[in-house]
Number of protein chains: 2
Amino acid sequence: MRAAVDLAQSYRLLNHGPTVLVSAAHGGQRNIMAAAWNMALDFAPPKIAVVLDKSTYTRELVEASGHFCINVPCRAQAGVVLALGQLSGRELQADAEGGDKFARFGLNTFAASHGEAPLLQGCVAWLECRLMPEPRNQQLYDLFIGEVAAAWADTRVFADGHWRYDDRSDPALRTLHYVAGGHFFAIGEAFEAQAARPQR
Amino acid sequence: MRAAVDLAQSYRLLNHGPTVLVSAAHGGQRNIMAAAWNMALDFAPPKIAVVLDKSTYTRELVEASGHFCINVPCRAQAGVVLALGQLSGRELQADAEGGDKFARFGLNTFAASHGEAPLLQGCVAWLECRLMPEPRNQQLYDLFIGEVAAAWADTRVFADGHWRYDDRSDPALRTLHYVAGGHFFAIGEAFEAQAARPQR
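Residues numbered from 1 in each chain as written. Chains lettered and ligands numbered in written order. Predicted model: local features only at pLDDT ≥ 70, side-chain atom pairs only at ≥ 80, totals over all residues.

Focus: the overall build of chain A
- Secondary structure assignment for chain A yields 5 helices and 14 strands.
- Computed over its C-alpha atoms, the radius of gyration of chain A comes to 17 Å, within 12% of the 16 Å expected for a compact globule of 200 residues.
- Each principal axis of the C-alpha distribution contributes one length, and for chain A these read about 65 × 35 × 35 Å.
- Going through the 200 residues of chain A one by one, you find that 52% of them count as buried.
- Long-range pairs, those at least 24 residues apart, make up 67% of the contacts in chain A with a sequence separation of at least 6. (Helix = DSSP H or I, 4+ residues; strand = E, 2+ residues; numbered from the N terminus. Rg over C-alpha atoms; globule rule 2.2 N^0.38 Å. Buried ≥ 20, exposed ≤ 12 C-beta atoms within 10 Å, placed from the backbone. Contact = placed C-beta atoms within 7 Å.)

As for the relation of the copies chain B and chain A
- After a rotation of 180 degrees and a shift along the axis of 0.0 Å, chain B superposes on chain A with an RMSD of 0.0 Å. One copy is carried onto the other by what is essentially a two-fold rotation axis.
- Comparing contact sets, 100% of the residues at the interface of chain B also lie at the interface in chain A, consistent with an isologous, same-surface contact. (Least-squares fit on C-alpha atoms with pLDDT ≥ 70 in both.)

Details of the interface of chain B and chain A
- Each side of the interface is counted separately: chain B has 53 residues, and chain A has 53 residues.
- Contributing elements (two or more residues each) for the side of chain B that touches chain A: strand 4 (38–43), strand 5 (46–51), helix 2 (78–86), helix 5 (135–141), strand 10 (143–154), strand 12 (162–163), strand 13 (176–180) and strand 14 (183–192) of chain B.
- With 10 residues, strand 14 of chain B is the single largest residue contributor to the side of chain B that touches chain A.
- Residues belonging to the side of chain B that touches chain A are distributed by class as follows: 31 nonpolar, 15 polar and 7 charged.
- Examined bridge by bridge, strand 14 (residues 183–192) of chain A and strand 14 of chain B share 7 bridges and lie antiparallel to one another. Among the inter-strand pairings, Phe191(A) is bridged to a residue of strand 14 of chain B, identified as Phe184(B). (Nonpolar A, V, L, I, M, F, W, Y, C, P; charged D, E, K, R; others polar. Pairing = 2+ DSSP bridges.)

Side note on the environment of Gly98(A)
- Looking at where Gly98(A) falls in the secondary structure, it is placed in the loop between helix 3 (89–94) and helix 4 (101–104).
- Taking the C-alpha atoms as reference, Gly98(A) lies 31 Å from His177(A); in sequence the two are 79 residues apart.

Let's talk about helix 1 (residues 57–65) of chain B
Residues and elements named next belong to chain B.
- Every buried residue of helix 1 is accounted for by Tyr 57, Thr 58, Arg 59, Leu 61 and Val 62.
- The secondary structure elements touched by the buried residues of helix 1 are strand 2 (20–26), strand 3 (29–35), strand 6 (67–72), helix 3 (89–94), strand 9 (125–131) and strand 10.
- Where helix 1 terminates, the next one or two residues include Gly 66, which has phi positive at roughly 75 degrees.

A few points about the pairing of strand 14 of chain B
Residues and elements named next belong to chain B.
- Bridge analysis of strand 13 against strand 14 gives 4 bridges, and the strand direction is antiparallel. By the bridge assignment for strand 14, Leu 176 is matched with Ala 186.
- Where strand 13 folds back onto strand 14 in an antiparallel hairpin, the turn is made up of 2 residues, including Gly 181, whose phi is positive at roughly 60 degrees.

Digging into the sheet that holds strand 13 (residues 176–180) of chain A
- On the basis of which strands lie adjacent, the open sheet formed by 4 strands has the order 13(A)-14(A)-14(B)-13(B) and antiparallel pairing. Where the open sheet ends on each side, the last strands, each with one partner, are strand 13 of chain A together with strand 13 of chain B. Neighbour to neighbour, the strand axes of the sheet diverge by 40 degrees on average, direction disregarded. (Axes fitted to C-alpha atoms, helices over the stretch in contact; angles between N-to-C directions.)

Quick word on the nonpolar core
- Counting residues in each nonpolar core, the largest one holds 142 residues, and the members touching the most others are Val22(A), Ile48(A), Val22(B) and Ile48(B).
- If near-sequence neighbours (up to four positions away) are discounted, Val22(A) is found in contact with Ile32(A), Met33(A), Ala35(A), Val50(A), Leu52(A), Thr58(A), Phe68(A) and Ile70(A). (Core = buried A, V, L, I, M, F, W, Y, C linked by C-beta atoms within 7 Å.)

Section: unusual backbone geometry
Residue and element names in this part refer to chain A.
- With an omega of -10 degrees, the peptide bond between Ala 44 and Pro 45 qualifies as cis.
- One can find Pro 45 in the loop between strand 4 (38–43) and strand 5 (46–51).
- A positive phi angle is found at Asp 160, which is not glycine, with a value near 50 degrees.
- In this fold, Asp 160 is placed in the loop between strand 11 (158–159) and strand 12 (162–163).

As for the environment of Gly79(B)
- Note on placement: Gly79(B) falls in helix 2.
- Separated by 23 residues in sequence, Gly79(B) and Thr56(B) have C-alpha atoms that sit 19 Å apart.
- When neighbours within four sequence positions are excluded, Gly79(B) is seen to be in contact with Ala193(A), Gln194(A), Ala195(A) and Ala196(A).

Topic: the environment of Ala193(A)
All names here are of chain A.
- By the secondary structure assignment, Ala 193 is in the segment after strand 14.
- Owing to 18 C-beta atoms within 10 Å, Ala 193 belongs among the partly exposed residues under this scheme.
- Taking the C-alpha atoms as reference points, Ala 193 and Glu 128, 65 residues apart in sequence, are found 31 Å from one another.

Focus: the pairing of strand 6 (residues 67–72) of chain A
All names here are of chain A.
- Most of strand 6 is tucked away: 6 of the 6 residues are buried.
- In terms of strand pairing, strand 2 (residues 20–26) meets strand 6 through 3 bridges, oriented antiparallel. Across the sheet, the residue bridging to Val 22 is Ile 70, located in strand 6.
- Relative to strand 9 (residues 125–131), strand 6 runs antiparallel, the two being bridged by 6 bridges. Across the sheet, residue Val 72 finds its bridge partner in strand 9, namely Ala 125.

Here it is in structure tokens:
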């Protein structure tokens, strides 16, 4: 089941460093790409930062629409995440087969509450973002900043402001942490730490 | 054993989203703080981004010196990471006991090859960074960008450009992925994915 995440706690969806999928739509076109380079940027109002290379079609749609969605995929989707990171939506649409990434990979979506960017089914969390235009960052660093307008999570794995992964969790629902060359980690063991105390 | 990491592959030290420690030094003062909000920003020359709140003493030292180091801690250090994230170096130095965070927590360091920022022993990777001043980002978003000048990793867990965590790895050496409230994940199972193929 999908439930809204309190905006004040939405940073926790990204705090542990998952690889994400960035989706965007404009003028009847839509696309989705993988992005390991993302982070939370502020608590209230919540903001996030993500790197979108100039070669990506998603970036063009983000700049045109002023909106994007961060989808947090899980292990069951690793093959799709890798493909969405390797294949450009622009190339795909130019090839003989036609159809966007969603159609070609058989990806189902649901509507965001803000903006047109589609949300990908099967992910475990989603952040709907309004682009905060920063032309210098975008041009010089490919760095995009968004204010989080709504956030959602799969209640099987995120509830009461915390990821609930434990020994009984379905391993296929664990978040993905990409390195390079098709090599991923799934998020691992949860534990509580006690803060060390300063010595005199 | 510690070995240099090829600068072109240094982004892989952060790509899977670990929580890091940021260290800095200036004028005989030094400090270190926890930062879950960090990401790689470019491949060549390698750049990284990290969020440093205005309240932090580390930020003051970064701005004064133009250098900082990203230390990637491991599970064995979780209690120290939590403490370094909760306690301000400024408060610590003002209290009756005196001494900086390194002295008070009994933390050993080694020298960076660029700049004065100390590198924390016991971590599993290190990135030495030169601050790329971006006054608007720093003031408005607490966002700091650094160019990676040198990178190092513990060869027990990172070799030939990849994290080598497997069933035989010491669990205490796994990277930390912080959520909130003392709640961490260790990085989990490694796996290779095959990219999904587009359907016709």
